[in-house]
Amino acid sequence: MTESLAGQTVEGARRSLTARFKSGQIDSAELDARILIGAVLGLDLTGVIAAANRLITPGESERLEDFAHRRLKGEPIARLLGHKEFWGLPLLLSPATLVPRPDTETVVELALEMLRAVPPPDHRLRIADIGTGSGAILLALLSELPDAFGIATDVSVAALRTASANAVNLGLARRAAFVACDYAAALSNPFDLIVSNPPYIRSTEIAELASEVRDYDPHRALDGGTDGLDAYRVLVPQAARLLAHRGVLVVEVGQRQSGDIEELMTATGLMLERPAKTDLAGIRRAVAGRRLPP
Ligand code: SAM
Ligand code: GLN
């Protein structure tokens, strides 16, 4: 039984939660305690410091206890809050969506670089995001490209509902459409840019993933089959057929997968213009291929 936080000061509750998280082997104990208190009190991190002497109410205590209990069982902060920032955009999450990762911003960066490398098309830029989850990659691109229009697919209707809500919240809904289908199967028309962060974890390695991923991210967002490459074998040829001349495919890849994906791209006739782009940890994370004019 833990002591109730009700009647304690915000500072006291912060210390108490931090201590509990530390003894629960949570590396980010200090920060997590501040974030959860801030979420319950409706304050940002500086607001929590400024409110140090105010007392926690019984209702706040109950919500904090629930958060603390779930955090100590391994639930990620983003799942507890129900939202996560990606490319500076606040995105809602649901149990059907992967928590978008900072690594995935490498895909957005490489896509923008590849677009800038050729003259803009004489029509409105058309983008497809295959396996959109929360909508992270497409919405980041639409926020950077004010004239672009995008279509996002996912096999999960629940994920598409969340992605669509995110488009509305960000004021991007008029330039985005959401389609339930297997990878790019329902798409037609040429696209200037196709992006994807498909499932790429080897099936046998899922059991070894950190609990925050394995137990909370949706299985079908992670499982890439025996060698992790099943999704690419379907979507790279599909995408190659859907690209406009000079159109670009940019995909996220797992560790040591970039060479295999580059081979899949060249086998479909796409040209590798630049090396895979590394993420902040130095891992080759995003691979791009361009369709050349005949
Ligand atoms: N794009 C999001 C991001 O980067 O945060 C989500 C990426 S998550 C790794 C992969 C996504 O692909 C999940 O949303 C999953 O539901 C979707 N997916 C899995 N299999 C699929 C399929 N056969 N067709 C379409 N989408 C699929
Ligand atoms: N980047 C995720 C992880 O390693 C996996 C996402 C994916 O399969 N595309 O947890």
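Let us look at the structure shown here. Just so it is clear, the structure is predicted and the values come from calculations on it, not from any experiment.

### Focus: the overall build of the protein chain
Item 1. A tally of regular secondary structure across the protein chain gives twelve helices and nine strands.
Item 2. Taking 19 Å as the expected radius of gyration for a compact globule of 294 residues, we find that the protein chain reaches 21 Å, a close match to that expectation.
Item 3. Projecting the C-alpha coordinates of the protein chain onto the three principal axes gives extents of approximately 75 × 40 × 30 Å.
Item 4. Here the protein chain holds 294 residues, and 49% of them are scored as buried.
Item 5. Residue pairs at least 24 apart in sequence account for 67% of intrachain contacts in the protein chain once pairs closer than 6 positions are excluded.
Item 6. For the protein chain, the exposed surface amounts to about 13900 Å²; the carbon and sulfur share of it is 53%.
Item 7. Taken together, the 32 basic and 37 acidic charged side chains of the protein chain have centroids lying 3 Å from each other.

### What about the site of ligand 1?
Item 1. Surrounding ligand 1, one finds 17 residues, the nearest of these being Gly131, Asp154, Asp182, Tyr183 and Asn197.
Item 2. Backbone polar atom of Thr132 to a nitrogen atom of ligand 1: 3.3 Å apart, as the coordinates give it.
Item 3. Taking Tyr183, its main chain carries an N or O atom lying 2.7 Å from a nitrogen atom of ligand 1.
Item 4. Per-class residue counts for the shell around ligand 1 are nine nonpolar, five polar and three charged.

### Some details on unusual backbone geometry
Item 1. Although it is not a glycine, Tyr183 sits at a positive phi angle of roughly 45°.
Item 2. Among the structural elements, Tyr183 can be located in the loop between strand 5 (176-180) and strand 6 (191-196).
Item 3. Its identity is not glycine, yet Arg256 carries a phi of approximately 60°, on the positive side.
Item 4. With respect to the element layout, Arg256 can be found in the loop between strand 7 (243-252) and helix 12 (258-267).

### Overview of the site of ligand 2
Item 1. Lining the immediate environment of ligand 2, one finds Arg101, Asn197, Pro198, Pro199, Tyr200, Ile201, Val213, Ala221, Leu222 and Glu252.
Item 2. At a separation of 2.6 Å, a nitrogen atom of ligand 2 approaches a polar backbone atom of Pro198.
Item 3. Backbone polar atom of Tyr200 to an oxygen atom of ligand 2: 3.0 Å apart, as the coordinates give it.
Item 4. Taken together, the residues of the shell around ligand 2 sort by class into seven nonpolar, one polar and two charged.

### Things to note about helix 8 (residues 157-169)
Item 1. Spanning 13 residues, helix 8 covers 18 Å between terminal C-alpha atoms, matching the ideal 18 Å at 1.5 Å per step.
Item 2. Residues of helix 8 that are buried: Ala159, Leu160, Thr162, Ala163, Asn166 and Ala167. Along helix 8, the residues classed as buried sweep out an arc of 160° about the axis, all on the same side. Facing away from the buried surface of helix 8 by more than 90 degrees, the exposed residues are Arg161, Val168 and Asn169.
Item 3. Turning to helix 8, the residues buried within the fold contact strand 2 (89-92), helix 7 (136-144), strand 4 (149-154) and strand 5.
Item 4. In the stretch just after helix 8, Gly171 is the one whose phi turns positive, near 70°.

### A look at the nonpolar core
A general tendency of soluble globular proteins is for nonpolar side chains to be buried together.
Item 1. Counting residues in hydrophobic clusters, the biggest one holds 32 residues, and the most contacted among them are Ile127, Leu141, Leu193 and Val250.
Item 2. If you list the elements that add at least two residues to this core, you get strand 2, helix 6 (105-116), helix 7, strand 6, strand 7 and strand 9 (284-290).
Item 3. Those residues within four positions of Ile127 in sequence are excluded, and the remaining contacts are Leu138, Leu141, Leu142, Leu145, Ala148, Phe149, Gly150, Ile151, Phe191 and Leu193.
Item 4. One finds Ala184, Phe191, Leu229 and Leu243 within the second-largest nonpolar core, a separate group that totals 29 residues.

### Remarks on the sheet that holds strand 6
For sheets, the rule is that strands pair by backbone hydrogen bonds, running either parallel or antiparallel.
Item 1. Strands sit in the order 5-4-3-6-7-9-8 across an open sheet of seven strands; the sheet is mixed. With partners counted over all chains shown, the strands left at the sheet margins are strand 5 and strand 8 (277-278), one partner each.
Item 2. As judged from the five bridges shared by strand 3 (residues 126-130) and strand 4, these two strands associate in the parallel manner. What sits directly across from Asp129, in strand 4, is Ala152.
Item 3. With respect to the sheet, helix 12 is in contact with strand 7 and strand 9, its orientation differing from that of strand 9 by roughly 10°.

### Topic: the packing of aromatic side chains
Item 1. Scanning the entire structure with this criterion turns up zero aromatic pairs.
Item 2. Stacked on the ring of Phe191, the Lys or Arg Arg126 has its end atom at 4.6 Å from the ring centre.

### Re the environment of Pro146
Item 1. Looking at where Pro146 falls in the secondary structure, it is placed in the loop between helix 7 and strand 4.
Item 2. Residue Pro146 is classed as exposed on the basis of its relative accessible area, which comes to 61%.
Item 3. Distance from Pro146 to Arg175, taken between C-alpha atoms, is 9.0 Å for residues 29 residues apart in sequence.

Basis of the calculations
- Along each chain, residues carry numbers from 1 onward, in the same order as the chain's sequence is written.
- Note on labels: chains are lettered from A, ligands numbered from 1, in written order.
- Only residues with pLDDT of 70 or above have their local features reported here, since the model is predicted, and side-chain atom pairs are shown and tallied only from 80 upward, although totals for entire chains, interfaces and linings are computed over all residues.
- Remark: hydrogens and water are excluded; side-chain values derive from all non-hydrogen atoms of the structure.
- Numbering of helices and strands runs from the N terminus, with a helix taken as a DSSP run of H or I at least four residues long and a strand as a DSSP run of E at least two residues long.
- Note that the radius of gyration is over C-alpha atoms, with the globule rule given as 2.2 Å times the number of residues to the power 0.38.
- In this scheme, a residue with accessible area under 20% of its type's maximum is buried, one over 50% is exposed, and one in between is partly exposed, where area comes from a 1.4 Å probe on protein chains only.
- Contacts are assigned to residue pairs that have any heavy atoms within 4.5 Å of one another.
- To be clear on the numbers: accessible area is Shrake-Rupley with a 1.4 Å probe, and residue cover counts the displayed protein chains and nothing else.
- The sign given to each residue is positive for Lys and Arg and negative for Asp and Glu; His and the chain ends receive no count.
- Note on charges: their place is set at NZ of Lys, CZ of Arg, CG of Asp or CD of Glu.
- We call a residue near a given molecule or strand whenever any one of its heavy atoms falls within 4 Å of it.
- Between N or O atoms, a polar contact is any pair within 3.5 Å; within protein, one atom must be a potential hydrogen donor and the other a potential acceptor, and residues adjacent in sequence are included only when both atoms are from side chains.
- Under this grouping Gly is polar, as are all residues other than the nonpolar Ala, Val, Leu, Ile, Met, Phe, Trp, Tyr, Cys and Pro and the charged Asp, Glu, Lys and Arg.
- One fewer than the residue count of a helix, multiplied by 1.5 Å, yields its expected span.
- By definition, the arc is the one covered by directions from the helix axis to the C-beta atoms.
- Side-chain atoms within 4.5 Å link the members of a nonpolar core, which is a set of buried Ala, Val, Leu, Ile, Met, Phe, Trp, Tyr and Cys residues.
- Any two strands with at least two DSSP bridges between them are considered paired.
- Lines fitted to C-alpha atoms define the axes here, with helix axes fitted over just the stretch in contact, and angles between the N-to-C directions of these axes take values from 0 to 180 degrees.
- Two rings from Phe, Tyr or Trp (for Trp, the six-membered ring) form a pair when their centres are within 6.5 Å of each other. A pair whose planes differ by under 30 degrees is stacked, one over 60 is edge-to-face, and the rest are tilted.
- Geometrically, a lysine NZ or arginine CZ counts as sitting over a ring once it is within 6 Å of the ring centre and also within 35 degrees of the ring normal.

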